[in-house]
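Below are the chains, spelled out letter by letter.
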Amino acid sequence: MQLLANDLIDIERYPISTPGSQRDALLTRVREELEFRGCAVLKGFLTPAGIAAAVLEADGVADKGHRSYSRTNAYFTTEDVSLPASDPRRRFFERSNAFIPADNFHSDGALRTVFDSEGFDAFIRDCLQQPEDRFFRYADPLADVIVNAASEGNGFPWHFDTNNFTVTLALQNAESGGAFEYAPMIRTSQNENFEEVSKVLDGTSEKVISLALQPGDLQIFKGRYSLHRVAPLAGPTPRYVAIFSYVEEPNMVGSVERTQQLYGRTLPIHHERAGQRADSLVD
Ligand SMILES: O=C(O)CCC(=O)C(=O)O
Ligand SMILES: [Fe+2]
């Protein structure tokens, strides 16, 4: 049976591809949330049928998730012992999440049916108020559409994203825990703000916001500048979140090191394009 985007997305509530006052009002609300907190949520973006189809798709490829459960710092870099031990670049945490790489999600599956639906990219770009020449899909064939499958344990510890803009679709929650926590706009492309980053890692920052997302919720998030994590979780049910990534530069892919860590493999494109970045943040 062919999946149709209009059955998967609640288009009555979220007419993302229909110009008009309802779409305009939605854009106004989302832009405000993005401006003040670097994050906006569209509750119930997927229909119940959309949630069911996406969970079925994720379950079907869950065994393709890379489960290295490695220790990572907020920057996905290897340890630099020349730095003081307290430096946030030397603070490593355990992960308990596996990423199901993008090449497991096919164009006729639920996730790409939503992602590739007419007007989806344009709506996200409008929300983010990005000019056309500063808004591209992440060109990484292992990472443009992935599922974060987190099982009991530490979740996905504090980190920054390489891609500028992340769009997530919550699909399934664990029995407990797994909140999305973030420190809005804690760094800029000019300033790493290691001091405040350390406070977040220590659990002493007052900047952290916690969101309990429900299956079907769409979240737009500026993850390159906002330190964030999936809080520890418990119970036998994996937490599934689909992630669609966008960047400000064309042709951008993940670094070799990060791709190897997250997906357990790299492709020639990761080596060919190593180091192509618009900024010089750590990663
Ligand atoms: O699963 C989530 O809610 C977000 C995961 C995340 O931060 C990431 O994959 O970079
Ligand atoms: Fe992230």
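The structure presented is a predicted model; accordingly, all values stated were derived computationally and were not measured.

### Quick word on the UniProt feature "domain: Fe2OG dioxygenase" (unreviewed entry) in the protein chain
Annotation from UniProt places "domain: Fe2OG dioxygenase" (unreviewed entry) at residues 127-248. A distance of 14 Å separates the end C-alpha atoms of residues 127-248, which is 9% helix and 39% strand.

### Focus: helix H3 (residues 48-61)
Look at H3: 20 Å from first C-alpha to last across 14 residues, which is about the 20 Å you get at 1.5 Å a residue. Those residues of H3 that fall on the buried side of the exposure criterion are Gly-50, Ile-51, Ala-53, Ala-54, Val-55, Glu-57, Ala-58 and Val-61. Those residues of H3 that are buried lie in contact with helix H1 (5-8), strand S4 (97-100), helix H4 (110-115), strand S6 (145-150), strand S8 (165-172) and strand S15 (239-247).

### Side note on the coordination of the iron ion (ligand 2)
Only His-159 (NE2), Asp-161 (OD) and His-228 (NE2) from the protein coordinate the iron ion (ligand 2), and they sit 2.0 to 2.1 Å from it. Read in sequence order, the donor residues coordinating the iron ion (ligand 2) give the pattern H-x1-D-x66-H. Of this pair, Asp-161 sits in the loop between strand S7 (156-159) and S8 while His-228 sits in strand S13 (residues 227-230), and the two are 67 residues apart along the sequence. With respect to class, Asp-161 is no different from His-228; both count as buried.

### Notes on the pattern of salt bridges
Scanning the entire structure with this criterion turns up 17 salt bridges. Between Arg-125 and Glu-132 there is a salt bridge; the shortest N-O distance is 3.5 Å. Among the charged side chains, a salt-bridge network with shared partners connects Asp-116, Asp-121 and Arg-137.

### Considerations on the pairing of strand S10 (residues 180-183)
Of the two faces of S10, both are covered, the one formed by Phe-180 and Tyr-182 as well as the one formed by Glu-181 and Ala-183. Note: S10 against strand S11 (residues 209-211), three bridges, orientation antiparallel. By the bridge assignment for S11, Glu-181 is matched with Ser-210.

### So, empty space enclosed by the protein
Applying the stated rule across the entire model yields one cavity of 30 Å³ or more. Reported here for the largest cavity is a volume of approximately 400 Å³. Forming the boundary of the largest cavity are 29 residues, of which Phe-99, Phe-156, His-159, Asp-161 and Ile-243 lie nearest the centre. Elements with a contribution of two residues or more to the lining of the largest cavity: S6, S7, S8, strand S12 (218-221), S13, S15 and helix H7 (256-263). Partitioning the lining of the largest cavity into residue classes produces 13 nonpolar, 11 polar and five charged.

### With respect to the nonpolar core
With 45 residues, the main nonpolar core has Phe-45, Phe-120 and Ile-124 as its most contacted residues. If you tally residues by element for this core, the top one is H3, at six residues. Among residues more than four places away in sequence, those in contact with Phe-45 are Leu-8, Ile-9, Asp-10, Tyr-14, Ile-16, Val-114, Phe-120, Leu-169, Gly-216, Asp-217 and Leu-218. Core analysis: the second largest hydrophobic core is formed by 18 residues, Phe-99, Ala-143, Phe-156 and Leu-262 among them.

### Describing the environment of Ile-11
Among the secondary structure elements, Ile-11 is positioned in the loop between H1 and helix H2 (21-37). Between the alpha carbons of Ile-11 and Phe-45 there is a distance of 8.1 Å; along the sequence they are 34 residues apart.

### Some points on the site of ligand 1
Around ligand 1, the neighbouring residues are Phe-99, Asn-148, Phe-156, His-159, Asp-161, Phe-180, His-228, Val-230, Arg-239, Val-241 and Ile-243. Contact between ligand 1 and Asn-148: an oxygen atom at 2.8 Å from a side-chain N or O atom of the residue. Contact distances for ligand 1 include 3.0 Å between an oxygen atom and a side-chain N or O atom of His-159. Contact with the protein chains removes 93% of the 300 Å² of surface that ligand 1 exposes when unbound. Mapping ligand 1 onto the cavity grids shows that it belongs to the largest cavity. Among the secondary structure elements, those contributing two or more residues to the shell around ligand 1 are S7, S13 and S15. Per element, the largest residue contribution to the shell around ligand 1 is three residues, and it comes from S15. A class-by-class count of the residues in the shell around ligand 1 yields six nonpolar, three polar and two charged.

Criteria and thresholds
- Residues numbered from 1 in each chain as written.
- Chains lettered and ligands numbered in written order.
- Predicted model: local features only at pLDDT ≥ 70, side-chain atom pairs only at ≥ 80, totals over all residues.
- Heavy atoms only, no water.
- UniProt positions renumbered as here; feature names shortened; annotations may be inferred.
- Helix = DSSP H or I, 4+ residues; strand = E, 2+ residues; numbered from the N terminus.
- Expected span 1.5 Å × (residues − 1).
- Buried < 20%, exposed > 50% of the residue type's maximum accessible area, 1.4 Å probe, protein only.
- Contact = heavy atoms within 4.5 Å.
- Donors = N, O, S within 2.8 Å, 3.2 Å for Na, K, Ca; no water.
- Salt bridge = Lys/Arg side-chain N within 4 Å of Asp/Glu carboxyl O.
- Pairing = 2+ DSSP bridges.
- 1 Å grid on protein atoms, 1.4 Å probe; cavity = no way out; pocket = protein on both sides within 12 Å on 5 of 7 lines; lining within 4 Å.
- Points joined across faces, edges and corners; volume = space filled by probe spheres on them.
- Nonpolar A, V, L, I, M, F, W, Y, C, P; charged D, E, K, R; others polar.
- Core = buried A, V, L, I, M, F, W, Y, C linked by side-chain atoms within 4.5 Å.
- Near = heavy atom within 4 Å.
- Polar contact = N/O pair within 3.5 Å; in protein donor to acceptor, adjacent residues only side chain to side chain.
- Areas by Shrake-Rupley, 256 points an atom, 1.4 Å probe, with all protein chains shown as cover.
- Sits in = over half its atoms within 2 Å of the grid points.

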